[in-house]
Amino acid sequence: EAGVTQFPSHSVIEKGQTVTLRCDPISGHDNLYWYRRVMGKEIKFLLHFVKESKQDESGMPNNRFLAERTGGTYSTLKVQPAELEDSGVYFCASSQGGLGQDTQYFGPGTRLTVL
Amino acid sequence: AQSVTQPDIHITVSEGASLELRCNYSYGATPYLFWYVQSPGQGLQLLLKYFSGDTLVQGIKGFEAEFKRSQSSFNLRKPSVHWSDAAEYFCAVGDHLGNQFYFGTGTSLTVIP
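These figures come from a predicted structure and were not determined experimentally.

*Asks:* Account for the overall build of chain B, naming residues and giving values.
*Replies:* Helix and strand content of chain B: zero helices and 12 strands. Taken against the 2.2 N^0.38 rule, which gives 13 Å for 113 residues, the C-alpha radius of gyration of chain B at 13 Å falls within 12% of a compact globule. Projected onto the principal axes, the alpha-carbon positions of chain B cover approximately 45 × 30 × 20 Å. Here chain B, with 113 residues, has 49% of them falling under the buried criterion. About 5,100 Å² of surface is accessible on chain B, with carbon and sulfur atoms providing 50% of the total. Charged side chains in chain B number 7 positive and 9 negative. The centres of these two groups are separated by 3 Å.

Now the structure itself:
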């Protein structure tokens, strides 16, 4: 079974540019999550999709971040325009159920560097 | 507010020695607790989880963790560390609403021969 995949693995952009991160969840997983880890800090929740609907987006930092999951399959996270503080590792996770005890399976992350 | 604390940022152990990684949580209800490991270039891999029942939980790769409600702790242990255990370890609490995990800052483990 293929795991969660993320693309690209690394992205280096300049401040003010746009970047789009992609996540492909495990097939059949309705729940998809985005997290971010800023260097040296904890992994923090950004948002949660159930199929194509946003269940909780309380962790999104501001309106420069836009997440989509058209068709309830893969998801994209767009940062526009990128700022220096957006640098970090962006993780995607998916789960079959959407309850707190359901295991979330994580991808390898996308390391974003904003210069 | 929910939170997870991993007091040790970095730990170094000798191969074959025992290991204990500390995790303390703050959560209003009975927590759903997880330990994940991330090796370089890999995603977070689930080691073990606790929901209820026996407070000593066995996981993969020879790891175990013990839930202690009185101490709000969920420490991870391994009796004999292997060089391949060098990685970063994350403790997490699952939100009962299912929306998110709360993570600690991680503990980086170095194993020396």
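Following the structure, the description resumes.
*Asks:* Describe the nonpolar core, with residues and values.
*Replies:* Core analysis: the largest hydrophobic core is formed by 28 residues, its most contacted members being L19, W35, L47, L48, F74, L76 and Y89 of chain B. Those elements that place two or more of their residues in this core are strand 2 (10-14), strand 3 (19-21), strand 5 (32-38), strand 6 (44-50), strand 8 (64-68), strand 9 (73-78), strand 10 (87-94) and strand 12 (107-112) of chain B. Each residue touching L47 of chain B, except ones within four places of it in the same chain, is listed here: W35, Y36, V37, G59, I60, K61, F63, L76 and Y89 of chain B. Counting residues in hydrophobic clusters, the runner-up holds 21 residues, among them I13, L32, F49 and A82 of chain A.

*Asks:* Can you explain the interface of chain B and chain A? Please cite residues and give values.
*Replies:* Size of an interface: often given as the accessible area lost when the parts come together. The interface of chain B with chain A comprises 24 residues on the first partner and 23 residues on the second. Of the roughly 1,800 Å² buried between chain B and chain A, counting both surfaces, carbon and sulfur atoms make up 53%. On the surface where chain B and chain A come into contact, there are one salt bridge. Between R37 of chain A and E88 of chain B there is a salt bridge whose closest N-O contact spans 2.9 Å. Of all elements in the fold, only strand 5, strand 6, strand 10 and strand 11 (101-103) of chain B reach the threshold of two or more residues within the side of chain B that touches chain A. Take the side of chain B that touches chain A: its biggest share by element is four residues, from strand 5 of chain B. Of the residues in the side of chain B that touches chain A, the class split is 10 nonpolar, 11 polar and three charged.

*Asks:* Please give an account of unusual backbone geometry that cites residues and values.
*Replies:* Residues apart from glycine generally show negative phi values, whereas peptide bonds are mostly found in trans. Following F7 of chain A, the chain continues to P8 of chain A via a peptide bond in cis, the omega torsion being -5 degrees. Following the sequence through the fold, P8 of chain A ends up in the loop between strand 1 (5-7) and strand 2 (10-13). At S72 of chain B, a residue that is not glycine, the phi angle is positive and equals roughly 50 degrees. Position of S72 of chain B among the secondary structure elements: in the loop between strand 8 and strand 9. A relative accessible area of 26% places S72 of chain B in the partly exposed class.

*Asks:* Just give me the short version of the pairing of strand 10 of chain B, but keep the residues and values in it.
*Replies:* All names here are of chain B. Within strand 10, eight of the eight residues are buried, which leaves it mostly tucked inside the rest of the structure. Side chains A87, Y89, C91 and V93 project from strand 10 onto one buried face, and the interleaved E88, F90, A92 and G94 project onto a second face that is buried too. As judged from the seven bridges shared by strand 5 and strand 10, these two strands associate in the antiparallel manner. What sits directly across from F34, in strand 10, is A92. Pairing geometry for strand 10 and strand 12, over three bridges, is antiparallel. The residue bridging Y89 from the neighbouring strand is T107, located in strand 12. Here strand 10 runs beside strand 11; their pairing, made up of three bridges, is antiparallel. Bridging across to strand 11, V93 finds its partner in Y102.

*Asks:* Account for the pattern of salt bridges, naming residues and giving values.
*Replies:* Residue and element names in this part refer to chain B. The final tally for this structure, using the stated rule, is 11 salt bridges over all chains. Note that E64 is salt-bridged to R77, the shortest N-O span being 3.2 Å. Remark: R77 occurs in strand 9 and E64 occurs in strand 8; sequence separation between them is 13 residues. Across the pair D85 and K78 runs a salt bridge, and its minimum N-O distance is 2.8 Å. For the pair D85 and K78, one class covers both residues: buried.

What counts, and where the lines are drawn
Residues numbered from 1 in each chain as written. Chains lettered and ligands numbered in written order. Predicted model: local features only at pLDDT ≥ 70, side-chain atom pairs only at ≥ 80, totals over all residues. Heavy atoms only, no water. Helix = DSSP H or I, 4+ residues; strand = E, 2+ residues; numbered from the N terminus. Rg over C-alpha atoms; globule rule 2.2 N^0.38 Å. Buried < 20%, exposed > 50% of the residue type's maximum accessible area, 1.4 Å probe, protein only. Areas by Shrake-Rupley, 256 points an atom, 1.4 Å probe, with all protein chains shown as cover. Lys, Arg positive; Asp, Glu negative; His and termini not counted. Charge placed at Lys NZ, Arg CZ, Asp CG, Glu CD. Core = buried A, V, L, I, M, F, W, Y, C linked by side-chain atoms within 4.5 Å. Contact = heavy atoms within 4.5 Å. Buried area = accessible area lost by both parts, 1.4 Å probe. Salt bridge = Lys/Arg side-chain N within 4 Å of Asp/Glu carboxyl O. Nonpolar A, V, L, I, M, F, W, Y, C, P; charged D, E, K, R; others polar. Pairing = 2+ DSSP bridges.

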